[in-house]
Amino acid sequence: MASPLPAAFGDDPSFAELLAARPGLSADPLAGLMMEEVALARIAAAVGTPAWVYSAGTLRRRLAALRGALDGAGLNATIHYAMKANDNLAVVRVLAAGGAGADVVSEGELLAARAAGVPASAIVFSGVGKTEADLRRALAEDIFQINAESVEEIEALSIIATAMGRTARVALRVNPDVDAKTHAKITTGLAENKFGVAIGDAPAIYARMAELPGIEPIGIAMHIGSQITAGMSAYRAAYAKAAELVRTLRTAGLPVQRVDCGGGLGIPYRDEIAPPPEALAGAIKATLGDLGLPVMIEPGRWLAGPAGLLLSRVVLVKHGATRRFVVLDAAMNDLARPAMYDAWHGILPLAPAALVAPRTPADIVGPVCETGDTFARDRALPAMKAGDLVALLDAGAYGATMSSTYNARPLAPEVMVDGDRFAVVRDRQPIEDLLARQHMPDWLT
Ligand code: LLP
């Protein structure tokens, strides 16, 4: 399918390879790029662009695969979907209906989880700086578990819980000081990172938790980073330290009921070899299996990333002094990952002919007024013209949730596809919204 390209561009996967690796997508000779049984061009016509589109089938399939891997390893494990990846209520509903609980990091995510139908008994609350409002809400909802990250937080929680007449079930998040070898901005398990307590301090802090009123220490938690593709060694090292800590706590007579293994499982955006969920399950089994404890995981990206894409239309194609620029109507305010992490996202044209046309290099950019608003450089694309449609792939996680209204661009709508149906699951933000909550001080009017 791919035409010969200069060597510098030839390393990128071809359109055929991108499609083959994404079972929710296919190329129909007449309708062009399809998600499940819906032509994406139909969605663009119905809701306009830019627009996020999610595949319910892909969410279900991935959740089932993860569940199968955990069960296959003989683990007693629960899955708590990390809502920060994508907190759209329909997305969370699909995962909750498939048996996933939620991992939340704010009062807002907790409300969204509940609104989507996740029972409080399946919610874990993570985060390095939970506010009093966050903690009060967690206690009022009587959620499954709060992952505490500092002595300061535990002491504050004890006071709040006691005042509310509640007992907080608390897991202590420890920082194992392992290098997950991921992007510096999303690694979390190094001693220099802000997360968790030093593993050496954990026994004393856990003992203190057992003494504090309103606190029930129930286990330990870890999360070493995100988009981990460098094999399982960092996971194994971290979980081995967790197992050792559990043994130390038990020897000291401190009860440990469960271990939260965090999220982080990476996905192939380009052609990375990402460890399958069986590898994660195997690493958990090998390191923590002997303890006879239930375990939890908090995946976000692995479940939602490949299930979504960002639909966009070409505004114009301009030929710069040295490069061809394809300017889209989507920008870094919509999908921030390329600007923020130099992330590579696959880009496919929607038109059937474009999927098989000869390709030459282009820079795919957004209309925002900074050079960082670049989705791809030197990407092999067919001839494109104003009005053509493209899909930015693997945008289901950390896509819409990281959007902003920079350059006064309203938030894009979200659409869910399920078999041959699709529905708008969040409206495009009306442009009037951008002004609606602003106030002119009276001395300026
Ligand atoms: N649990 C905790 C405590 C976390 O902090 C995170 C992600 C997760 C679970 C889920 O991690 P996942 O399975 O999705 O890797 N915006 C970045 C990713 C930030 C991840 C933050 N924490 C990106 O677009 O790559």
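Residues numbered from 1 in each chain as written. Predicted model: local features only at pLDDT ≥ 70, side-chain atom pairs only at ≥ 80, totals over all residues. Heavy atoms only, no water.

Undergrad: Explain the packing of aromatic side chains residue by residue, including any values.
TA: Tallied over the full model, the rule gives 1 aromatic pair. Taking 5.6 Å as the distance between ring centres and 35° as the angle between the ring planes, the aromatic pair formed by Tyr235 and Tyr239 counts as tilted. Placement of both Tyr235 and Tyr239 in helix α10 (residues 233-251) is noted, with a separation of 4 residues, approximately one turn of the helix. Tyr239 shares its class with Tyr235; the two are buried. Cation over ring: Arg62 sits above Trp302, and NZ or CZ is 4.0 Å from the ring centre. (Phe/Tyr/Trp six-rings, centres within 6.5 Å; stacked < 30°, edge-to-face > 60°. Helix = DSSP H or I, 4+ residues; strand = E, 2+ residues; numbered from the N terminus. Buried < 20%, exposed > 50% of the residue type's maximum accessible area, 1.4 Å probe, protein only. Lys NZ or Arg CZ within 6 Å of the ring centre and 35° of its normal.)

Undergrad: Tell me about the site of the ligand, and please be specific about residues and values.
TA: Near the ligand lie 19 residues; those nearest to it are Ser226, Glu298, Arg301, Arg337 and Tyr398. Here an oxygen atom of the ligand and a backbone polar atom of Arg301 are 2.8 Å apart. The separation between a nitrogen atom of the ligand and a polar side-chain atom of Tyr341 is 2.8 Å. For the ligand, whose unbound accessible area comes to 590 Å², protein coverage reaches 92%. Among the detected pockets, the ligand sits in the largest pocket. (Near = heavy atom within 4 Å. Polar contact = N/O pair within 3.5 Å; in protein donor to acceptor, adjacent residues only side chain to side chain. Areas by Shrake-Rupley, 256 points an atom, 1.4 Å probe, with all protein chains shown as cover. 1 Å grid on protein atoms, 1.4 Å probe; cavity = no way out; pocket = protein on both sides within 12 Å on 5 of 7 lines; lining within 4 Å. Sits in = over half its atoms within 2 Å of the grid points.)

Undergrad: Provide a residue-level description of the pairing of strand β5 (residues 77-82), including the pertinent values.
TA: Most of β5 is tucked away: 5 of the 6 residues are buried. Of the pairings in the sheet, the one linking β5 to strand β13 (residues 295-297) comprises 3 bridges and is parallel in character. Bridge assignment links Thr78 to a residue of β13, and that residue is Met296. Summarising the sheet, β5 and strand β6 (residues 101-104) pair through 3 bridges and their orientation is parallel. Across the sheet, Ala82 pairs through a bridge with Asp103, a residue of β6. (Pairing = 2+ DSSP bridges.)

Undergrad: Run through helix α9 (residues 202-211), naming residues and quoting values.
TA: Of the positions making up α9, those classed as buried are Ala202, Ile205, Tyr206 and Met209. Burial along α9 is one-sided: seen end-on, the buried residues are contained in an arc of 100°. Exposed residues lying more than 90 degrees from the buried face of α9 are Ala204 and Glu211. Against α8 (151-164), β9 (168-175), β10 (197-198), β11 (215-221) and α10 lie the buried residues of α9. (Arc of directions from axis to C-beta. Contact = heavy atoms within 4.5 Å.)

Undergrad: Outline the sheet that holds strand β1 (residues 25-28), supporting the account with residue identities and numerical values.
TA: With respect to topology, 3 strands assemble into an open sheet ordered β1-β2-β3, the strand pairing being antiparallel. The open sheet is flanked by β1 and β3 (38-39), the only strands paired with a single partner. Looking at chain direction, strand β2 (residues 32-35) and β3 are connected through 2 bridges and run antiparallel. Of the residues in β3, the one forming a bridge with Met35 is Val38.

Undergrad: Describe in detail the layout of surface pockets, supporting the description with residues and values.
TA: Roughly 750 Å³ of internal volume is contained in the largest pocket. Residue lining of the largest pocket: 36 residues in total, with Lys84, Thr188, Phe195, His223 and Tyr398 positioned closest to the centre. Elements with a minimum of two residues in the lining of the largest pocket: α12 (301-304) and α13 (337-341). In terms of residues, the lining of the largest pocket owes the most to one element, α13, which gives 3 residues. A breakdown of the residues in the lining of the largest pocket according to their chemical character gives 15 nonpolar, 11 polar and 10 charged. Residue-level mapping places the lining of the largest pocket at the junction of two domains, with at least three residues from each of domain 1 (15-55 + 305-434) and domain 2 (87-299). Of the voids in this model, the second largest pocket is the one considered here, and its volume is about 400 Å³. Listing elements by their share of the lining of the second largest pocket, those giving two or more residues are α2 (15-20), α4 (56-72) and β14 (308-319). Of the residues forming the lining of the second largest pocket, the biggest block, 4 residues, is contributed by α4. A class-by-class count of the residues in the lining of the second largest pocket yields 14 nonpolar, 4 polar and 6 charged. (Points joined across faces, edges and corners; volume = space filled by probe spheres on them. Nonpolar A, V, L, I, M, F, W, Y, C, P; charged D, E, K, R; others polar. Domains from an automatic or database assignment.)

Undergrad: Describe in detail unusual backbone geometry, supporting the description with residues and values.
TA: In this structure, Pro50 follows Thr49 across a cis peptide bond, with omega equal to -5°. By secondary structure assignment, the location of Pro50 is in the loop between α3 (40-47) and β4 (51-55). One non-glycine residue, Asp177, lies in the positive phi region at around 55°. Assignment of secondary structure puts Asp177 in the loop between β9 and β10.

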